[in-house]
Amino acid sequence: MALLTIIIGGAAQFLLALIMLRVATTLLSPEEMGKVSLTLTTIAFFALFLINPVGMFINRRLHAWQSSGVGITYLRLYTRYLCIVALIAATSLPLIHISGWINFGIPVYWLLLLVCGSLIFNTINQTAIPSLNLLGDSTSFVVLTVASLALSFICALVWVKVAGPTAESWLAGLLLGQVFVGILGTRILFVKLQPTRTSSFRPHVDQKHLRVLFAFAWPLAIAAGLGWVQAQSYRFILENQMGLDQLGLFVAGYSISAGIIAGFESVLTTYFQPRLYRDANDPVERAEAWHRYAAAVIPSLVLTVALLISLAPELTRLLLGTNFQSSSNFVVWGACAEAMRVLVSVYALIAHVHMRTGQLILPNLVGGIFSVLLCSLLIPHMGANGAGAGLAGSSFAIAALMQFMLVRKLERKPSVLPIVAAFGTGIGLCILSWGLRHELATDSWLGLAVNVISIGTIFLSAQYFFLRKHLVDKPVFQRTN
């Protein structure tokens, strides 16, 4: 039942995200989409560098906090920390705007509202709701996740219709939806975190707590900041060399792959990560927990990438507005780069569960350097395709280095046979899609529908085949009192 709920919720979330992309590229021009991407990238910088490491620490300790009844107190302290991060952003962004280093394309007061508001309220939303899943309440997690996305979409659509088709209108609507559902998710989470028995222990934060947090978080902060350089700094390079219009086209195509892979990742992490984090607290189960997780995710990831590559022209026609139909090449680049990102996140969990996060710094440093160099060198010669090649190349460099540094040292490694079989199935999908495209003339809607339905059906059947043996033991955290 838990898996069915997750699949239904994941499908709803996936469809909503794709509908939002279609509506956004229909209502907004490529230039406005470029502005959206720069604003989101700025939010991501502060969130990844200053917030994400602390959020990962919360994930790692949430089960223990629930058992001891101190979760609510620590999460309230976390909210104060978010306000400090927002203050840092509010101080630095006007200086960046005045300097002229970056052309955001929107007024500075809108930039401050969107960035600071997102750092506080989006983070509360993205902390409270996933925490419900970590505590075993997958139903509430799925319902609130879909509700958050749906309400954000509705608010964005209404705001754009009322205030005009601008980047700031769209982003303000998205933020408003996150605020409402985030408040509801927080209330539900706090009910679950209420102590079940009285205790004389009063949680506090002293130097010992801060040292433990700092030891865990500072490598993640550096790795996340370097990860931002690797994955998102290209937007500033592309805007500087080719303008907001080309940036908007690239991001639209890339977003198709990013959205579909994020949907795939969400379903699998929702189902498998609670057990991973639960078993990470047991020294005996720790290594085996990661092995089970990787064995489930990696072959499924390969199939998802094959789906995107095989249907790139059809997905572009279905999911983007008429001004963005030249973006199909960027779907392929996005599939390659995002696949490496997910693989890197799987490898990074080795460091997370063993509390050795310092091992993540070097791979992300190499990836950040490669990304900036490759994008700067390739964009002048290849246009926006150079950004895609730079992202894919740098992502591959990180994955290869982490394979050498982390996976190679494990006593037990993921089996190669399912991955090879997934690659073979993926190649078959691409060949079949190419044949159908030429035989059915997919410039017609009927031919397009036949190709998408045929490839999609085979893809889903193959996914079940590779995942079926991993679905026997339900990875749901059972609370013990």
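Residues numbered from 1 in each chain as written. Predicted model: local features only at pLDDT ≥ 70, side-chain atom pairs only at ≥ 80, totals over all residues. Heavy atoms only, no water.

## So, the side chain of Ser148
Stage number 1. Turning to its location among the elements, Ser148 is positioned in helix 5 (residues 138–163).
Stage number 2. Polar contacts involving the side chain of Ser148 include one to the side chain of Gln178, which spans 3.1 Å.
Stage number 3. Not counting the four nearest positions on each side in its chain, Ser148 is found in contact with Asn125, Gln178 and Val181. (Helix = DSSP H or I, 4+ residues; strand = E, 2+ residues; numbered from the N terminus. Polar contact = N/O pair within 3.5 Å; in protein donor to acceptor, adjacent residues only side chain to side chain. Contact = heavy atoms within 4.5 Å.)

## Quick look at the nonpolar core
As a rule of thumb, soluble globular proteins bury nonpolar side chains together.
Stage number 1. Membership of the largest hydrophobic core comes to 145 residues, with the highest contact counts inside it found for Trp170, Phe250 and Trp290.
Stage number 2. Residues within four places of Phe250 in sequence aside, it is in contact with Tyr234, Leu238, Phe330, Ala384, Ala387, Gly388 and Leu391. (Core = buried A, V, L, I, M, F, W, Y, C linked by side-chain atoms within 4.5 Å. Buried < 20%, exposed > 50% of the residue type's maximum accessible area, 1.4 Å probe, protein only.)

## Let's talk about the environment of Val346
Stage number 1. You can see Val346 is positioned in helix 11 (residues 328–353).
Stage number 2. We classify Val346 as buried; its relative accessible area is 2%.
Stage number 3. Sequence separation between Val346 and Trp290 is 56 residues; the distance between their C-alpha atoms is 8.5 Å.
Stage number 4. Apart from residues no more than four positions distant in its own chain, Val346 is found in contact with Trp290, Tyr293, Ala294 and Val297.

## A look at the confidence of the model for the protein
Stage number 1. For the protein, per-residue confidence averages 85 on the pLDDT scale, and residues scoring 70 or more make up 90% of the total.
Stage number 2. Contacts from residues 474–481, a stretch scored under 50 in pLDDT, to residues over four places away or in other chains number 20 contacts. (pLDDT = per-residue confidence, 0-100.)

## Some thoughts on the packing of helix 2 (residues 30–68) against helix 3 (residues 71–99)
Stage number 1. One way to put it is that helix 2 packs onto helix 3 with a least axis distance of 11 Å and a crossing angle of 170 degrees. Overall, the two elements helix 2 and helix 3 adopt an arrangement that is roughly antiparallel. Contacts from Thr42, Phe46, Leu50, Ile51, Val54, Gly55, Ile58 and Trp65 of helix 2 reach helix 3 at Gly71, Tyr74, Leu75, Tyr78, Tyr81, Leu82, Val85, Ile88, Ala89, Ser92 and Leu93.
Stage number 2. Among the residues making up the contact of helix 2 with helix 3, the classes are represented as 15 nonpolar, four polar and no charged. (Axes fitted to C-alpha atoms, helices over the stretch in contact; angles between N-to-C directions. Parallel < 35°, antiparallel > 145°, perpendicular 65-115°, else oblique. Nonpolar A, V, L, I, M, F, W, Y, C, P; charged D, E, K, R; others polar.)

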